[in-house]
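The lines below spell out each chain.
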Amino acid sequence: RVPKRQPLLEQEEIDTKWEFARDNLVLEGSLGEGEFGQVVQARAFGIDGRQEYKTVAVKMLKNYAAPCERQDLMSELNLLKDVNHPNVIRLLGCCTFAGPLYVIVEYCEDGSLLSFLRQSRLQEPSFENHRFRHRHHAGVRLLDSKSKIQILTIADLLSFAWQIARGMQYLSEMKLVHRDLAARNVLVASGKLLKISDFGLTRDVYEADTYLKKSKGRIPVKWLAPESLFARVYTTHSDVWSYGVVLWEICTLGAPPYPGIPPERLYNLLIGGYRMDRPEFCTDEMYAVMQKCWKLDSNDRPSFAELVDIFDGILEEKT
Ligand code: ADE
């Protein structure tokens, strides 16, 4: 076990622009956890210059994380220092000194896009829900005092597709390849504002536009482009493939992709031309965009700038 208090590495300088005093941070409940990292809700006093507490999210390692995990979190922190876009999660500060590494980011009150999509489904096709469906076809439904189910409109779903394309266009212009774009890694802030998050695997590809992953990782296979699966090649074009899978997740309100297909069979299926079917409530227009993102030759896929234009057009038509 690695001790909880990580020693400060000699070569690490304290970045006074971002360093936040630990004493001003009150950690609260867990917002989620992965294999080595976790995200905790917290209140930070004075983090935005005002003399008050602000709710924030703090990303940190678990007690038994390996040194390379700390390095990954550190590189995520350093990437976040340079990004500034409404559809990308914003860094508020960090605690790198005299204690565990904390990366403090803006809090997104509606959690992950995946859970947001899933909770927007009507619970059961029961009589209750039928009656409800006719009486309140849009807006917010109060189920009981605790749960708040947001019913999403087609315009919301199109806006999600547009917002993610905008955030990804920005990242690709910054020469950043995300490598783990999926609905679970997009957060929902108030006003249905989406923020691309989870930069743990993001790499700067300024040099070659391609990132070659050297060791076996833990990336979920069903979001990966064939070239990433086969040759561990990650580019903005492979992010576009993943974006196509996110569109599928949006259209199905958060269904797991390739239902019933074992991940080890996926590569051969994709090479042979197999693609997911059009989801039941997805328009031909939307499905055509997914199919463009899933072109085998990565150069045939649209750019994020083109995807933004496509959804600009569709939104203008529909709204
Ligand atoms: N879960 C993971 N990161 C989060 C954040 N920034 N806000 C809310 N929930 C989260």
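In this text, all values refer to a predicted model and were calculated from it rather than measured experimentally.

A. Structural context of the site of the ligand. In the vicinity of the ligand, the residues found are Leu31, Val39, Ala57, Ile89, Val105, Glu106, Tyr107, Cys108 and Leu187. Between the ligand and Glu106, the relevant distance is 2.9 Å, taken from a nitrogen atom to a main-chain nitrogen or oxygen of the residue. The separation between a nitrogen atom of the ligand and a polar main-chain atom of Cys108 is 2.8 Å. Relative to its unbound accessible surface of 260 Å², the ligand loses 88% to contact with the protein. For the shell around the ligand, the per-class residue count stands at eight nonpolar, no polar and one charged.

B. The arrangement of the packing of helix α4 (residues 154-173) against helix α9 (residues 304-318) in detail. Put simply, α4 and α9 touch, their axes get as near as 8 Å, and they point 155° apart. On the basis of their axis angle, the class for α4 and α9 is roughly antiparallel. The element α4 and its partner α9 pack so that their crossing is left-handed. Where α4 abuts α9, its residues Ala155, Leu158, Ser159, Ala161, Trp162, Ala165, Arg166, Met168, Gln169 and Ser172 lie against Phe304, Ala305, Leu307, Val308, Phe311, Asp312, Ile314, Leu315 and Lys318.

C. Highlighting the pattern of salt bridges. Scanning all chains against the criterion turns up 14 salt bridges. Close ionic contact of Glu28 with Arg43 constitutes a salt bridge, the shortest N to O distance being 2.8 Å. Taken together, the positions of Glu28 in strand β1 (residues 25-33) and Arg43 in strand β2 (residues 37-45) put the pair 15 residues apart, joining distant regions of the chain. Judged by relative accessible area, Glu28 falls into the partly exposed class, the value being 35%. Given the relative accessible area of 31%, Arg43 is considered partly exposed. When salt bridges that share partners are traced, they join Asp48, Arg50, Glu52 and Lys54 into one network.

D. Broad picture of the environment of Leu269. Looking at where Leu269 falls in the secondary structure, it is placed in helix α7 (residues 263-271). Distance from Leu269 to Pro226, taken between C-alpha atoms, is 9.9 Å for residues 43 residues apart in sequence. If we skip the residues at most four places from it in the chain, Leu269 touches Ile261 and Tyr274.

The rules behind each value
- Residues numbered from 1 in each chain as written.
- Predicted model: local features only at pLDDT ≥ 70, side-chain atom pairs only at ≥ 80, totals over all residues.
- Heavy atoms only, no water.
- Near = heavy atom within 4 Å.
- Polar contact = N/O pair within 3.5 Å; in protein donor to acceptor, adjacent residues only side chain to side chain.
- Areas by Shrake-Rupley, 256 points an atom, 1.4 Å probe, with all protein chains shown as cover.
- Nonpolar A, V, L, I, M, F, W, Y, C, P; charged D, E, K, R; others polar.
- Axes fitted to C-alpha atoms, helices over the stretch in contact; angles between N-to-C directions.
- Helix = DSSP H or I, 4+ residues; strand = E, 2+ residues; numbered from the N terminus.
- Parallel < 35°, antiparallel > 145°, perpendicular 65-115°, else oblique.
- Left-handed = near helix turned anticlockwise from the far one by under 90°.
- Contact = heavy atoms within 4.5 Å.
- Salt bridge = Lys/Arg side-chain N within 4 Å of Asp/Glu carboxyl O.
- Buried < 20%, exposed > 50% of the residue type's maximum accessible area, 1.4 Å probe, protein only.

Bear in mind that shape data such as this cannot, by itself, settle questions of function.
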